[in-house]
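# Reading the structure
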Amino acid sequence: MKKILIKNIKGLVQVGENIPSVLKGAEMKVLPIIENAFLALEDGMVVAYGSMEDWGGIDDWRDLEIIDADGRFVLPAFCDSHTHTVFAKSREEEFVDRINGLSYEEIAIKGGGILNSANRLNAISEDELFEQASERIKVLISYGTGALEIKSGYGLSVESELKMLRVIKRLKDSCGIELKATFLAAHAFPTAFKENKQAYIDLIIQEMLPKVAEEKLADFIDVFCERNYFSVEQMEEILLAGAKYGLVPKVHVNQFTAMGGIKKAVELNALTVDHLEELSEEDILALKNSTCMPTILPSCSFFIGIPYGNARLLLDNGLPLALASDYNPGTTPSGNLNFVWSLACIQLKMTPEEAFNALTVNAAYAMGLSESHGKIALGRRSPILITKPIPSLAYMPYAFGDQHIERIIA
Ligand code: NIG
Ligand code: FE
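Just so it is clear, the model here is predicted, and its values are computed rather than measured.

## Regarding the side chain of N338
With respect to the helices, strands and loops of the structure, N338 is situated in helix α12 (residues 337–346). By relative accessible area, N338 is classed as buried at 4%. Setting aside residues no more than four positions away along its own chain, N338 makes contact with F78, M396, P397 and H404.

Put into structure tokens, the structure is as follows:
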């Protein structure tokens, strides 16, 4: 048995036995921290923690590694509940198009966007896709991501959607952190179905879904509910079909347009509604008294220059909030959650504590991992981060763009 004792921890963060699995409104301001603390692990499992004053010393030195964390914080790893980490190629030509004045919508209309990624994904092998994604995940782990949701949605054909999901399945077995897979064939209509959109929806429901279910390739189902993509009615048809196979909805809504998708998603028991750059009064009402986790993706707003989601409106209405990266080649070519933390503080006006709760406890809920991830508590085995020596926890979002993590214990 491998034992680790971390002692002299400046702050042991998000620790305790009574932290709820969803933090709402004013609760999000509270972040439990034990100062001058120790943490003991056995084979990665938390077996004891507390203040150094209460530390009982060591009676068994066998297989024990002692880490002196002097000046460092210890935190539960971040959870990234919304990403598109499996993709074939980067899209920096669209980035340049945007600098030259085109919008995301205009770029998509001229053949860029999701369809661009789909063409590129069709052209590469499953092995190559797997290798590329593995490399990306190593980088994400180094930034502190300890659980990751990954969507399909750049396949848009039976074979290529399955190819993506099989890659995610292989990554689950090999990447060293917990992964969740989301089936997102309803990400865009392929060009061949432009004149007959219902035929593509039928393909998703009749051809893809049964195979996805048979091979157990997905945990969740997603639809990009947006003008020029999938309407609220089309989203409903697809989510209802997914529910027959036990797939829980996590949907893209309100990125560019508030068109009633949140209300419908809540009715259909969505675990999360993601993006929310646009929010109406009706959306807020729908989220109240629901178990759905609103999720904001500030690095998408940062990168494509669209409005930031109104986090304060959600929190001031007593609602919970999760934050995620949206890592993808089109709108967010970064999965760095420490940077998301900075953006949440700077642009969403969240305190460092609120944003950290949104990246841990609430993010774990947003991917169905409340039982294992998002906090440090006895009996848990999820990854733990040790920072470099830093003056305070707020320094992590404050000194944006820097690497603050020194070690990851998985
Ligand atoms: O979440 N909005 C839809 N999907 C992705 C972007 C996809 C792309 O442009 O490749 C997003 O931002
Ligand atoms: Fe997305």
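## Here we look at the packing of aromatic side chains
Applying the stated rule across the entire model yields 12 aromatic pairs. Note on F87 and Y327: the rings are 6.0 Å apart at their centroids and 85° apart in plane angle, and the pair reads as edge-to-face. Taken as a pair, F87 in the loop between β6 (78–80) and α1 (92–99) and Y327 in the loop between β13 (322–323) and α12 lie far apart in primary sequence, 240 residues in all. Both rings, one in F302 and one in F339, keep their centres 5.2 Å apart while their planes meet at 75°; by these two values the pair is edge-to-face. In this pair, F302 is assigned in helix α10 (residues 298–304) and F339 in helix α12, connecting sequence segments 37 residues apart. Between the NZ or CZ atom of K250 and the centre of the ring of F220, over which it lies, the distance is 5.7 Å.

## Quick notes on the domain arrangement of the protein chain
Each domain of the protein chain was delimited in the assignment, giving domain 1 (3–76 + 375–409) and domain 2 (78–365). The distance between the C-alpha centroids of domain 1 and domain 2 comes to 30 Å. Summed over both sides, the interface of domain 1 with domain 2 buries roughly 2300 Å², with 67% coming from carbon and sulfur. In this structure, the connection of domain 1 to domain 2 is made through 1 salt bridge. As a salt-bridge pair, K29 and E354 come within 3.2 Å of each other at their nearest N and O atoms. For the pair domain 1 and domain 2, the number of links is 11 residue pairs in polar contact (both at pLDDT 80 or more).

## Some points on a nonpolar patch on the surface
A cluster of nonpolar side chains, F95, V96 and I99, forms an exposed patch at the surface whose accessible area comes to about 280 Å². Tracing the backbone shows V96 in helix α1. Given a relative accessible area of 41%, V96 falls into the partly exposed group.

## Quick word on the packing of helix α4 (residues 126–142) against helix α5 (residues 158–174)
It is the contact of α4 with α5, at a shortest axis distance of 10 Å, that shows an interaxial angle of 45°. With respect to their mutual orientation, α4 and α5 come out oblique. Here the hand of the crossing between α4 and α5 comes out right-handed. Contact residues: α4 offers E126, D127, L129, F130, A133, S134 and I137, while α5 offers K163, M164, R166, V167, R170, L171 and S174. Here the residues of the contact of α4 with α5 are counted per class, giving 7 nonpolar, 2 polar and 5 charged.

## Regarding the pattern of salt bridges
On inspection of all chains with the given rule, the structure shows 21 salt bridges. The shortest N-O distance in the salt bridge between R120 and E93 comes to 3.0 Å. Of this pair, R120 sits in helix α3 (residues 114–122) while E93 sits in helix α1, and the two are 27 residues apart along the sequence. Note on E93: relative accessible area 36%, which makes it partly exposed. Among the ionic contacts, a cluster of salt bridges with common partners joins K29, R312, D316 and E354.

## What to know about the site of ligand 1
Surrounding ligand 1, one finds 15 residues, the nearest of these being R91, Y104, Y154, Q255 and T331. Within the side chain of H187, one N or O atom sits 2.8 Å away from a nitrogen atom of ligand 1. In this structure, T331 approaches ligand 1 through a side-chain N or O atom, which is 2.7 Å from an oxygen atom. In isolation ligand 1 offers 330 Å² of accessible surface; the protein chains occlude 100% of this area. Split into classes, the residues belonging to the shell around ligand 1 amount to 4 nonpolar, 9 polar and 2 charged.

Reading the values: the criteria
Per chain, residues are indexed from 1 in the order of the written sequence. As a convention, the first chain written is A and the first ligand written is 1, with the rest following in written order. Totals for whole chains, interfaces and linings use all residues, but because this is a predicted model, local features are given only for residues with pLDDT of at least 70 and pairs of side-chain atoms are given and counted only at 80 or more. Excluded from the side-chain calculations are hydrogens and water; all other atoms, namely the structure's heavy atoms, are used. A run of H or I in DSSP becomes a helix once it reaches four residues, and a run of E becomes a strand once it reaches two; helices and strands are each numbered from the N terminus. To sort residues, take the accessible area from a 1.4 Å probe on protein chains only and compare it with the maximum for the residue type: under 20% means buried, over 50% means exposed, and anything in between is partly exposed. Whether two residues touch is decided by their heavy atoms; if any such pair falls within 4.5 Å, the residues are in contact. The pairing test for Phe, Tyr and Trp rings, Trp by its six-membered ring, is centres within 6.5 Å, and the orientation test on the planes gives stacked under 30 degrees, edge-to-face over 60, and tilted for anything in between. Definition used: whenever NZ (Lys) or CZ (Arg) falls within 6 Å of the ring centre and also within 35 degrees of the ring normal, the charge is taken to sit over that ring. Domain limits in this description derive from either an automatic procedure or a database domain assignment. Values labelled buried area give the accessible surface lost by two parts on being combined, using a 1.4 Å probe and summing over both. Only one rule defines a salt bridge in this text: a Lys or Arg side-chain nitrogen within 4 Å of an Asp or Glu carboxyl oxygen. Here a polar contact is recorded for every N or O atom pair within 3.5 Å, except that within protein the pair must consist of a potential hydrogen donor and a potential acceptor, and residues adjacent in sequence are included only if both atoms are side-chain atoms. Only residues whose relative accessible area exceeds 30% and that form no salt bridge are eligible for patches; like-charged ones are grouped when within 9 Å, while nonpolar side chains (Val, Leu, Ile, Met, Phe, Trp, Tyr) are grouped when within 5 Å. Areas reported as accessible are Shrake-Rupley estimates using a 1.4 Å probe. Residue values count occlusion only from the protein chains shown. Between N-to-C directions, angles cover 0 to 180 degrees, with each direction set by a line fitted to C-alpha atoms, over the stretch in contact for helices. With respect to orientation, any angle under 35 degrees is reported as roughly parallel, any angle over 145 as roughly antiparallel, any angle of 65 to 115 as roughly perpendicular, and every other angle as oblique. Left-handed describes a crossing whose near helix is turned anticlockwise from the far helix by less than a right angle; the clockwise case is right-handed. Charged residues are taken to be Asp, Glu, Lys and Arg, nonpolar residues to be Ala, Val, Leu, Ile, Met, Phe, Trp, Tyr, Cys and Pro, and polar residues to be all remaining types, Gly included. By convention in these notes, a residue is near a molecule or strand provided one of its non-hydrogen atoms lies within 4 Å of it.

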